[in-house]
Amino acid sequence: AGLELEDGLVEAPAHDTGSPDALPLLAFTLNRLWREFGDDRRITLDEYRERVGGLAGAIRHEAEAVLAALALAPEALDALRHAFRQLVRVEPEGGYTRRAARWQDLPVAAHPLLEAFVAARLLVSGQEEGGARTLEVAHEALFRAWEVLRRWLDEDRVFLLWRQHALSAAEAWQHTPADAGLLLSGGPIAEAQRWRNERGDELGEALRSHVDASAAAARRARLRKLGARGGIAALVLGSAALGAGFWQQQR
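The shown structure was predicted, so the numbers you read here are calculated from the model rather than taken from an experiment. (Residues numbered from 1 in each chain as written. Predicted model: local features only at pLDDT ≥ 70, side-chain atom pairs only at ≥ 80, totals over all residues. Heavy atoms only, no water.)

(A) Up close: the side chain of E47. Locating E47 in the fold gives a position in helix α3 (residues 45-52). Buried and without a salt bridge, E47 has R51 as its closest oppositely charged side chain, separated by 4.7 Å. Dropping the residues within four chain positions of it, E47 is found in contact with L33, F37, D40, R42 and V52. (Helix = DSSP H or I, 4+ residues; strand = E, 2+ residues; numbered from the N terminus. Buried < 20%, exposed > 50% of the residue type's maximum accessible area, 1.4 Å probe, protein only. Lys, Arg positive; Asp, Glu negative; His and termini not counted. Salt bridge = Lys/Arg side-chain N within 4 Å of Asp/Glu carboxyl O. Contact = heavy atoms within 4.5 Å.)

(B) Seen up close, the pairing of strand β7 (residues 133-137). Pairing of strand β5 (residues 101-102) with β7, which is carried by two bridges, proceeds in the antiparallel orientation. When the sheet's bridge partners are listed, R102 is paired in β7 with T134. Taken together, the five bridges between strand β6 (residues 123-127) and β7 define a ladder with antiparallel strand orientation. Considered in β7, the bridge of L123 is made with V137. In textbook terms, the turn of a hairpin is the stretch between consecutive antiparallel strands, and for β6 and β7 this stretch comprises five residues, one of which, G131, has a positive phi near 100°. (Pairing = 2+ DSSP bridges.)

(C) Inspection of the packing of helix α2 (residues 22-37) against helix α4 (residues 54-70) at higher detail. Following both chains from N to C, one finds α2 and α4 inclined at 65°, their axes separated by 9 Å at the closest point. Judged on the interaxial angle alone, α4 and α2 are roughly perpendicular. The handedness of the crossing between α2 and α4 is left-handed. Note on element contacts: α4 touches α2 through G54, L55, A58, I59, H61 and E62, opposite L25, L26, F28, T29, R32 and R35. The class makeup of the residues in the contact of α2 with α4 is six nonpolar, three polar and three charged. (Axes fitted to C-alpha atoms, helices over the stretch in contact; angles between N-to-C directions. Parallel < 35°, antiparallel > 145°, perpendicular 65-115°, else oblique. Left-handed = near helix turned anticlockwise from the far one by under 90°. Nonpolar A, V, L, I, M, F, W, Y, C, P; charged D, E, K, R; others polar.)

(D) Inspection of the packing of α4 against helix α6 (residues 111-119) at higher detail. For the pair α4 and α6, the least separation of the axes is 10 Å and the interaxial angle reads 140°. When the interaxial angle is binned, α4 and α6 end up oblique. Considering how the two elements wind past one another, α4 and α6 form a crossing that is right-handed. On α6, the residues that touch A63, V66, L67 and L70 of α4 are L113, A116 and F117. Split by residue class, the contact of α4 with α6 holds seven nonpolar, no polar and no charged.

Put into structure tokens, the structure is as follows:
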């Protein structure tokens, strides 16, 4: 490319590559250095460390630059936050990892914003076998380095953990829907219905169906219980009346 690299510039990013996604992150950072500082044909160590912020800083600065260019209204920012909740999983260790989502399942209001993140190479657009478009985070370092996104996810952690656990149960139930033992019962139903009411569009069809089926089964069980109680009460009252009549007859 005809670029001159300052002494130490090759060693610095090589030293910074300590994460599993370091290679694509390194490629992303070098591309950003070339785009921003390649015109003068020389790239310096200061530009890498201070101007770009190293490997993690490159991802953070790019995300912040996309947001600044979009100048989002609060409603649009909420739609973007909603979309990112669909693109993440919580690891057992507590960190965040990428999760592919169907384009059609992401909020329509966020589509233009997501396209901007794809253009910035922060999100990757793909395709399922059936042809449906998918989207996922390009670099998991985005979850660690971009403070805005990390704060959003930390605030939504309770919902994200519940959805992960509930989705596993819902998928098991879908394979054997006749197994009533896979339906929710007791307190978990109330929690599931709350999330169903608040964030139903983020649950997916399988999870919504599981919550609805569990709630319907719980209603039927309550009605059967009330019916049984009513029958017992009627039997007790009838026996008491019969006993009173017999006693009167004896008198």
